[in-house]
Amino acid sequence: MTYVVTDGCVDIKDRSCMEQCPVDCIYEGGRALYIHPDECIECGACEPACPVEAIFFDAELPDEKLPSVQSNAAFFSQVLPGRDEPLGTPQGFKKVGPLTSDTDYVAGLAPRP
Amino acid sequence: MRLDDHASPHERALKVAIVGAGPSGLFAAEGLVDRLGTEVDVDVLDRLPTPYGLVRYGVAPDHPTIKSVVNALQAILEASNVRFLGGIEVGTDLQISDLARCYDAIVYATGAPRARHLGIRGETLNGSISASDLVNWYNGHPDAIADFNLQARSVAVLGAGNVALDLARILTRDHTELAQTDMPSPVLERLQQSAVHDVHVIARRGPEFAKFSSKELRELGRIDCIHRTVDRGELASALHGNFDRAAAAKIALFDSWSTEPSRPDARSVHFRFSLRPVEIVGSTHVEGLILERTAVNDRGLSVGTGDFVSIPVQLVVRAVGYHGAALPDVPFDERSGTVPNRLGRVCHAIDGPVIADQYVTGWLKRGPVGVIGTNKVDSHETVSALIDDCSQHERLHKESIDSVLDARGHPWIPYAGWQNIDRAEISRGAAEGRSRSKISDWRTLTDVAMNPGVAMPLEASS
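Parameters at a glance
Residues numbered from 1 in each chain as written. Chains lettered and ligands numbered in written order. Predicted model: local features only at pLDDT ≥ 70, side-chain atom pairs only at ≥ 80, totals over all residues. Heavy atoms only, no water. Helix = DSSP H or I, 4+ residues; strand = E, 2+ residues; numbered from the N terminus. Rg over C-alpha atoms; globule rule 2.2 N^0.38 Å. Buried < 20%, exposed > 50% of the residue type's maximum accessible area, 1.4 Å probe, protein only. Contact = heavy atoms within 4.5 Å. Areas by Shrake-Rupley, 256 points an atom, 1.4 Å probe, with all protein chains shown as cover. Lys, Arg positive; Asp, Glu negative; His and termini not counted. Charge placed at Lys NZ, Arg CZ, Asp CG, Glu CD. Domains from an automatic or database assignment. Buried area = accessible area lost by both parts, 1.4 Å probe. Salt bridge = Lys/Arg side-chain N within 4 Å of Asp/Glu carboxyl O. Polar contact = N/O pair within 3.5 Å; in protein donor to acceptor, adjacent residues only side chain to side chain. Nonpolar A, V, L, I, M, F, W, Y, C, P; charged D, E, K, R; others polar. Pairing = 2+ DSSP bridges. 1 Å grid on protein atoms, 1.4 Å probe; cavity = no way out; pocket = protein on both sides within 12 Å on 5 of 7 lines; lining within 4 Å. Points joined across faces, edges and corners; volume = space filled by probe spheres on them.

**What about the overall build of chain B?**
Move 1: Along its length, chain B carries 18 helices and 19 strands.
Move 2: Against the compact-globule benchmark of 23 Å for 462 residues, chain B has a radius of gyration of 24 Å, which places it among compact chains.
Move 3: Projected onto the principal axes, the alpha-carbon positions of chain B cover approximately 75 × 65 × 40 Å.
Move 4: Relative to its full complement of 462 residues, chain B shows a buried share of 53%.
Move 5: Residue pairs at least 24 apart in sequence account for 75% of intrachain contacts in chain B once pairs closer than 6 positions are excluded.
Move 6: Carbon and sulfur atoms make up 51% of the accessible area of chain B, which totals about 20,200 Å².
Move 7: Charge-centre separation for chain B: the mean point of 48 positive side chains lies 4 Å from the mean point of 59 negative side chains.

**Thoughts on the domain arrangement of chain B**
Residue and element names in this part refer to chain B.
Move 1: Each assigned domain of chain B is listed with its residue range as follows: domain 1 (14-113 + 324-413) and domain 2 (115-321).
Move 2: Distance between the C-alpha centres of domain 1 and domain 2: 33 Å.
Move 3: Tallying the contact residues gives 14 residues for domain 1 and 20 residues for domain 2.
Move 4: Each partner contributes to the roughly 1,200 Å² buried at the junction of domain 1 and domain 2, and carbon and sulfur atoms together form 49% of this total.

**Focus: the interface of chain B and chain A**
Move 1: Facing 19 residues of chain B, the contacting portion of chain A comprises 23 residues.
Move 2: Interface area lost by chain B to chain A is led by Lys-215, Arg-245 and Lys-376 of chain B, which between them contribute 37%.
Move 3: For the pair chain B and chain A, the interface holds five salt bridges.
Move 4: Note that Lys-94 of chain A and Asp-34 of chain B form a salt bridge whose closest N and O atoms lie 3.1 Å from each other.
Move 5: Counting every contact that joins chain B to chain A gives eight residue pairs in polar contact (both at pLDDT 80 or more).
Move 6: Mapped onto the side of chain B that touches chain A, the elements with two or more residues apiece are helix 2 (23-36), helix 4 (64-67), helix 11 (214-222) and helix 15 (374-390) of chain B.
Move 7: Counting residues per element, the side of chain B that touches chain A draws most heavily on helix 11 of chain B, which supplies four residues.
Move 8: Residue classes in the side of chain B that touches chain A are distributed as seven nonpolar, five polar and seven charged.

**Concerning the pairing of strand 7 (residues 154-158) of chain B**
Along any regular strand the residues' side chains alternate between the sheet's two faces.
Residues and elements named next belong to chain B.
Move 1: In terms of residue burial, strand 7 counts as a mostly covered element, since five of its five residues are buried.
Move 2: Residues Ser-154, Ala-156 and Leu-158 point to one face of strand 7 and Val-155 and Val-157 to the other, with burial holding for every one of them.
Move 3: Looking at chain direction, strand 7 and strand 8 (residues 198-202) are connected through five bridges and run parallel. Each bridged residue has a counterpart across the sheet, and for Ser-154 the counterpart in strand 8 is Asp-198.

**Some remarks on the layout of surface pockets**
Move 1: Counted as a void, the second largest pocket has a volume near 870 Å³.
Move 2: The wall of the second largest pocket is formed by 33 residues, among which Pro-22, Val-23, Asp-24 and Lys-94 of chain A together with Glu-30 of chain B lie closest to the centre.
Move 3: When residues of the lining of the second largest pocket are traced back to their parent elements, those giving at least two are helix 1 (16-20) of chain A together with helix 2, helix 5 (70-77) and helix 15 of chain B.
Move 4: When residues in the lining of the second largest pocket are grouped by element, the largest group, six residues, is from helix 2 of chain B.
Move 5: When grouped by side-chain class, the residues that make up the lining of the second largest pocket number 14 nonpolar, nine polar and ten charged.

**Considering unusual backbone geometry**
Residue and element names in this part refer to chain B.
Move 1: Positive phi, close to 55°, is recorded for Ser-274, a residue that is not glycine.
Move 2: If you trace the backbone, Ser-274 turns up in the loop between strand 10 (267-272) and strand 11 (275-281).
Move 3: On the basis of relative accessibility, which here comes to 17%, the residue Ser-274 falls in the buried class.
Move 4: Positive phi values are uncommon outside glycine, yet Leu-343 reaches one of about 55°.
Move 5: With respect to the secondary-structure elements, Leu-343 resides in the loop between strand 16 (341-342) and strand 17 (345-347).

Here you go:
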């Protein structure tokens with residue numbers, strides 16, 4: 001179980017959720033934020049912090065947002081464009097800093113008008 | 001200001017005392033170290049021999065994922081310029097004036113340890129308790145009432161928040177599942193012998209106003225051994241209307257539970273809505289609870305309707321919120337249970353002048369609301385105020401807290417002492433086939449902290 005950042009975040013990246021996360025498990029990509037599914041402790045602080053309601057608990061995701069589960073996980077398990085290896089489990093965004101890459105799912109979404 | 005003044009304006013590191021080693025205190029320590037690096041020395045004091053506050057003593061023992069925030073908090077405590085000083089109660093063992101002699105700034109982070117009262121008849125009967133009485137007990141807090149003999153078959157939990165859900169779940173969950181947690185062994189024995197069969201969770205307002213999180217309600221729905229009931233009539237007001245995402249998710253869960261087939265043999269959690277407690281009845285011990293139906297009036301207030309309901313219960317647990325406690329010589333607003341402050345700077349009164357070098361964070365600052373992460377933002381706000389103020393001040397001579405404590409002959413528990421407790425609890429747990437078995441009495445905690453040789457009292461022959 002984990003919280004998940006969905007498509008509502010794309011091209012917005014408000015980042016309020018990142019200030020709330022007690023374990024620093026929300027990472028910044030080029031167009032969206034991503035929650036590390038293995039580092040998330042399910043405390044729920046991020047969900048109400050999001051001004052565009054883009055964060056959901058995975059068990060509560062509407063069907064049309066289900067691809068976000070895979071996308072959040074892929075940000076850490078797959079080799080992102082321009083990188084040599086997967087991010088893995090850095091144990092905190094602070095140690096990595098903002099990235100310019102995104103998952104295929106997020107990269108494929110139409111730009112927000 | 002000259003450039004080199006700006007680069008290194010002070011001869012020594014800033015000395016900060018944080019009172020309370022729970023999440024808000026430790027997030028304040030993190031903020032200070034993140035911002036000031038080696039230019040700060042932080043001492044985190046706690047009255048208990050153990051750090052982590054409500055993460056250790058409040059978060060439900062069957063929520064290990066949330067408890068794993070300890071890993072992040074531990075990293076804060078293990079920073080080279082952060083120290084833990086356990087077993088020191090500020091106001092008793094040390095006064096604020098002592099801290100002021102030893103530190104440039106003090107941050108109060110002692111939370112909201114008192115339970116709210118209802119102010120109804122029968123509240124002092126045997127079997128009428130606060131949520132913290134029960135939570136402290138099953139979490140092995142050393143100040144907990146020594147024992148709970150769960151002979152009640154029916155229990156009322158008053159409140160509609162996640163603490164009420166924790167209590168309902170712990171009281172009805174299968175013993176084999178609870179046996180995997182870190183609860184003290186005597187607590188597990190009591191829960192195994194428990195007579196509890198029905199837990200009535202009683203909310204003053206309708207389901208659309210309930211403060212349970214949908215995630216934790218959903219969790220209750222996934223536990224097979226627990227049967228859930230919702231009164232259709234009490235749900236009706238919420239079935240039509242536009243509610244936000246969180247409320248709608250909860251109403252959908254209640255709706256599905258209201259039509260679950262009856263399971264008389266299963267332990268049950270009964271959700272009751274729009275009922276306010278009027279009186280707890282009984283001669284010496286709780287025998288029942290009288291409730292009055294409520295309705296929302298045209299001013300949006302929940303008011304009694306004159307329609308009364310009585311349910312037989314033998315235990316009443318009020319989970320209607322926590323309240324801060326005053327620290328001696330620190331301003332306190334009794335109504336809100338908080339220390340008056342502006343952005344974390346302690347004030348003499350609400351709208352009163354700021355008191356120099358004193359700060360507050362967490363539940364003592366904003367009241368008992370929010371989740372663990374909320375304290376991070378809150379503490380970073382306080383730390384920003386502290387750093388802004390202190391970077392301007394001249395560093396006066398300060399005494400050493402170690403010398404003050406030595407001079408008084410007051411023993412205290414260093415971080416290594418807590419590590420002894422930690423290791424002893426883990427090895428007790430290993431002997432019992434679980435990851436940790438908590439030590440719950442002052443004497444053993446202190447003995448183990450001071451002398452790891454007594455770490456395995458279970459194996460000691462008496």
